[in-house]
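Spelled out from the first residue to the last, the chains are:
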Amino acid sequence: MNELAITVIGRDRPGIVADVAEVLALLGANLTDSTMTRLRGHFAMTLICTGPAAAEVEAALAPLAAEGQLLATVRAVTPDGEVAPVGEPYVMAVHGSDRMGIVAAMTRVLVDAGGNVTDLSTRLAGSLYVVLAEVELPAGVADTLTDRLHRTAAELGVEVTLRPADPDLL
């Protein structure tokens, strides 16, 4: 079996998830990891699956993209196997007035402390910008990291919280 990374993006409409999942199921592909969302009216899906060769999956998805409303890409990837977390799970939440550079500045603080962003969502609602990030942090850095995050947030004019993640919810 091949491990494949598939992306599907385009203008949102009802049925995209079902259409893609049905194509993959008919090919005998097994979805192992996926994320799907709407971004300002645009659909975005990224998934990893095991199944037939990339060219076969790409050809089977082509009719979904035929009208030019969707773009599907398929790439063979090397399986990593089980990857153990390299740190402790935390959730960082940022909110405040929208401005350029919030994600760049806040994630740089995390990386500089040895953190790894494992999931990130952002939303703009009017002038309110919200960032929600799941991160893995090295043991023992959360307290000093929280101070650095607060300093950076103050410079940006936003609020930040960092809390341990509930492992049952991740």
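Residues numbered from 1 in each chain as written. Predicted model: local features only at pLDDT ≥ 70, side-chain atom pairs only at ≥ 80, totals over all residues. Heavy atoms only, no water.

A.B. asks: Could you give an account of the sheet that holds strand E8 (residues 158-164), with specific residues and numbers?
C.D. replies: In spatial order, the strands read E6-E7-E5-E8; together these four strands make up an open sheet with antiparallel pairing. At either margin of the open sheet sits one strand with a lone partner, and together these are strand E6 (116-125) and E8. This sheet shows a mean twist of 15° between the axes of neighbouring strands, independent of strand direction. As paired elements, strand E5 (residues 88-97) and E8 share seven bridges and run antiparallel to each other. Considered in E8, the bridge of Val94 is made with Val160. Here helix H3 (residues 102-112) sits on the sheet in contact with E5, E6, strand E7 (128-137) and E8, set at roughly 20° to E7. (Pairing = 2+ DSSP bridges. Helix = DSSP H or I, 4+ residues; strand = E, 2+ residues; numbered from the N terminus. Axes fitted to C-alpha atoms, helices over the stretch in contact; angles between N-to-C directions. Contact = heavy atoms within 4.5 Å.)

A.B. asks: Could you give an account of the domain arrangement of the protein chain, with specific residues and numbers?
C.D. replies: Interface size is often expressed as the accessible area that is lost when the parts come together. In terms of domain boundaries, the protein chain breaks down into domain 1 (2-77) and domain 2 (88-164). Distance between the C-alpha centres of domain 1 and domain 2: 31 Å. (Domains from an automatic or database assignment.)

A.B. asks: Which residues make up the nonpolar core, and what are the values?
C.D. replies: Core analysis: the biggest nonpolar cluster contains 22 residues, and Met92, Val94, Met106, Leu137, Leu145, Leu149 and Leu162 have the highest contact counts within it. If you list the elements that add at least two residues to this core, you get E5, H3, E7, helix H4 (142-156) and E8. Here Val94 is in contact with Ile102, Met106, Tyr129, Val130, Val131, Val158, Glu159 and Val160, once residues within four sequence places are set aside. Core analysis: the second largest hydrophobic core is formed by 17 residues, Leu4, Val23, Ala29 and Ala54 among them. (Core = buried A, V, L, I, M, F, W, Y, C linked by side-chain atoms within 4.5 Å. Buried < 20%, exposed > 50% of the residue type's maximum accessible area, 1.4 Å probe, protein only.)

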